[in-house]
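Below, each chain spelled out in residue letters.
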Amino acid sequence: MSRVRVHNFSVSVDGYATGEGQSLDAPFGHAGSRLHEWFFPTRTFRQMLGKPDGSTGVDDSIAGTWDVGIGAEIMGRNKFGPQRGPWEDEQWNGWWGSNPPFHTPVFVLTHHPRPSVKMEGGTTFHFIDATPQEALRQAREAAGDLDVRIGGGPTTVREFLAADLVDHLHVAVVPIVLGRGERLWDGIEGLEERFQVESVTTPSGVTHMTFTRP
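Thresholds, definitions, all that
- Residues numbered from 1 in each chain as written.
- Predicted model: local features only at pLDDT ≥ 70, side-chain atom pairs only at ≥ 80, totals over all residues.
- Heavy atoms only, no water.
- Helix = DSSP H or I, 4+ residues; strand = E, 2+ residues; numbered from the N terminus.
- Rg over C-alpha atoms; globule rule 2.2 N^0.38 Å.
- Buried < 20%, exposed > 50% of the residue type's maximum accessible area, 1.4 Å probe, protein only.
- Areas by Shrake-Rupley, 256 points an atom, 1.4 Å probe, with all protein chains shown as cover.
- Salt bridge = Lys/Arg side-chain N within 4 Å of Asp/Glu carboxyl O.
- Pairing = 2+ DSSP bridges.
- Contact = heavy atoms within 4.5 Å.
- Axes fitted to C-alpha atoms, helices over the stretch in contact; angles between N-to-C directions.
- Core = buried A, V, L, I, M, F, W, Y, C linked by side-chain atoms within 4.5 Å.
- Phe/Tyr/Trp six-rings, centres within 6.5 Å; stacked < 30°, edge-to-face > 60°.
- Polar contact = N/O pair within 3.5 Å; in protein donor to acceptor, adjacent residues only side chain to side chain.

S.K.: Help me understand the overall build of the chain, please; the structure alone is not making it clear to me.
M.R.: Secondary structure assignment for the chain yields five helices and 11 strands. Whereas a compact globule of 214 residues would reach a radius of gyration of roughly 17 Å, the chain reaches 16 Å, a difference of no more than 12%. Along the first, second and third principal axes, the C-alpha set of the chain runs to 45 × 35 × 35 Å. Scored against the burial criterion, the 214 residues of the chain give a buried share of 46%. Looking at the chain as shown, the accessible area adds up to about 10,400 Å², and 51% of this sits on carbon and sulfur atoms.

Right, dumping it as structure tokens:
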């Protein structure tokens with residue numbers, strides 16, 4: 001059976017994966033870009049922008065595994081966009097432009113389903129109201145023999161962890177303190193008992209922690 005993976009999921013040292021006050025112009029609220037400053041210089045990120053440059057150190061080596069063998073993604077509605085409640089604007093299709101970086105089917109969890117949207121580059125957004133188990137069933141069907149990535153945000157990752165559906169979790173602990181926002185770890189005490197845990201700290205100051213099911 002295909003694996004369920006989380007990659008490049010950044011949290012502050014006090015456990016916040018996004019800041020307070022998300023909006024169209026501030027996808028991570030008051031955190032701004034601080035959670036992802038380690039990622040932006042990497043070759044992996046630069047290639048997403050169509051650029052040939054970028055750093056090739058440990059941060060890049062870890063970050064670069066995010067799309068290897070992935071056949072579908074599941075994300076929460078707040079990763080897709082800042083709208084809440086019934087969709088007021090179905091013409092706006094996320095923060096990534098006309099050619100999103102996923103290049104697979106993407107299942108967006110929402111209590112307000114809407115028609116699927118096909119984008120350039122192989123990404124199709126499907127908007128579903130489903131439990132983690134049902135969303136994973138649909139994503140696995142779309143992914144075939146490939147793995148399924150849980151893309152975030154923190155509520156979605158936490159729900160899949162709580163349901164014991166995640167096989168591989170990569171968390172990048174960034175040396176900043178946010179103080180407020182949405183935390184990853186709440187309610188999943190003892191998570192480490194289910195996984196083999198490894199960590200490495202890189203020159204950027206980030207500690208990469210991987211939780212892998214034995």
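There's plenty left to go through after this.
S.K.: Explain the pattern of salt bridges here, please?
M.R.: Pairing between side chains of opposite charge can happen when their charged atoms approach one another. Per the counting criterion, the structure on display carries 14 salt bridges. Of the charged contacts, one joins Arg137 and Glu134 as a salt bridge, the two residues approaching to 2.7 Å between their closest N and O atoms. Here the residue Arg137 and the residue Glu134 both occupy positions in helix H4 (residues 132-143), the gap between them amounting to three residues, near one helical turn. For Arg137, a relative accessible area of 43% puts it in the partly exposed group. Residues participating in the shared-partner salt-bridge network are Asp164, Asp167, Arg194 and Arg213.

S.K.: Honestly, the sheet that holds strand S8 (residues 168-174) in this entry has me stumped. Any pointers?
M.R.: Adjacent strands of a sheet pair through backbone hydrogen bonds, lying either parallel or antiparallel. Read from one edge of the open sheet, nine strands run S5-S6-S4-S3-S7-S1-S8-S11-S10, paired in mixed fashion. Of all strands in the sheet, those with a lone pairing partner are strand S5 (117-118) and strand S10 (196-201), marking the two edges. Both strand S1 (residues 4-12) and S8 contribute to a ladder of six bridges, which runs parallel. Following the sheet pairing, Ser12 is matched in S8 by Val174. Set on the sheet, helix H5 (residues 154-162) makes contact with S1, strand S3 (70-76), strand S4 (105-109), strand S7 (147-152) and S8; between it and S7 the angle comes to about 135°.

S.K.: Just checking my understanding: could you explain the nonpolar core for this structure?
M.R.: Nonpolar side chains tend to gather and get buried jointly when the protein is soluble and globular. Judged by nonpolar contacts, the single largest core of 29 residues is most densely connected at Ile74, Ile150, Val157, Phe160, Leu161 and Leu169. Elements supplying a minimum of two residues to this core: S1, S3, S4, H4, S7, H5 and S8. In this structure, Leu169 is in contact with Val6, Val157, Leu161, Trp185, Leu191, Met209, Thr210 and Phe211, ignoring residues within four places of it in sequence. One finds Tyr16, Trp38, Phe39 and Val206 within the second-largest nonpolar core, a separate group that totals 12 residues.

S.K.: Looking at this structure, I do not really get the packing of aromatic side chains. What am I missing?
M.R.: The relative placement of two aromatic rings is captured by the distance of their centres and the angle of their planes. Summed over the entire model, instances satisfying the criterion amount to 16 aromatic pairs. Here the aromatic rings of Phe40 and Phe45 are separated by 5.0 Å at their centres, their planes lie at 50°, and the arrangement is tilted. For the ring pair Phe80 and Trp87, a centre distance of 5.9 Å and an interplane angle of 85° mean the geometry is edge-to-face. Classification of Phe80 as buried rests on a relative accessible area of 0%. For Trp87, a relative accessible area of 14% corresponds to the buried category. In this structure an aromatic cluster arises from ring pairing among Phe80, Trp87, Trp92, Trp95, Trp96, Phe102, Phe125 and Phe127.

S.K.: What am I meant to see in the environment of Thr202 here?
M.R.: Along the chain, Thr202 turns up in the loop between S10 and strand S11 (207-212). Taking the relative accessible area as the measure of exposure, Thr202 reaches 7% and is therefore buried. With 35 residues separating them along the chain, Thr202 and Asp167 place their C-alpha atoms 24 Å apart. Beyond its immediate stretch of four places on either side in the chain, Thr202 contacts Val58, Asp59 and His208. Only 2.8 Å separates the side chain of Thr202 from the side chain of Asp59, close enough to count as a polar contact.

S.K.: It is not clear to me how the pairing of S11 should be interpreted in this structure. Could you clarify?
M.R.: Successive side chains on a regular strand alternate, one facing one side of the sheet and the next facing the other. Judged from the six bridges that link them, S8 and S11 form a sheet pairing that is antiparallel. Counted as the bridge partner of Leu169 is Phe211 from S11. Relative to S11, S10 runs antiparallel, the two being bridged by six bridges. Bridge assignment links Gln196 to a residue of S11, and that residue is Thr212. Hairpin connection from S10 to S11: five residues lie between these consecutive antiparallel strands, with Gly205 at a positive phi of about 95°.

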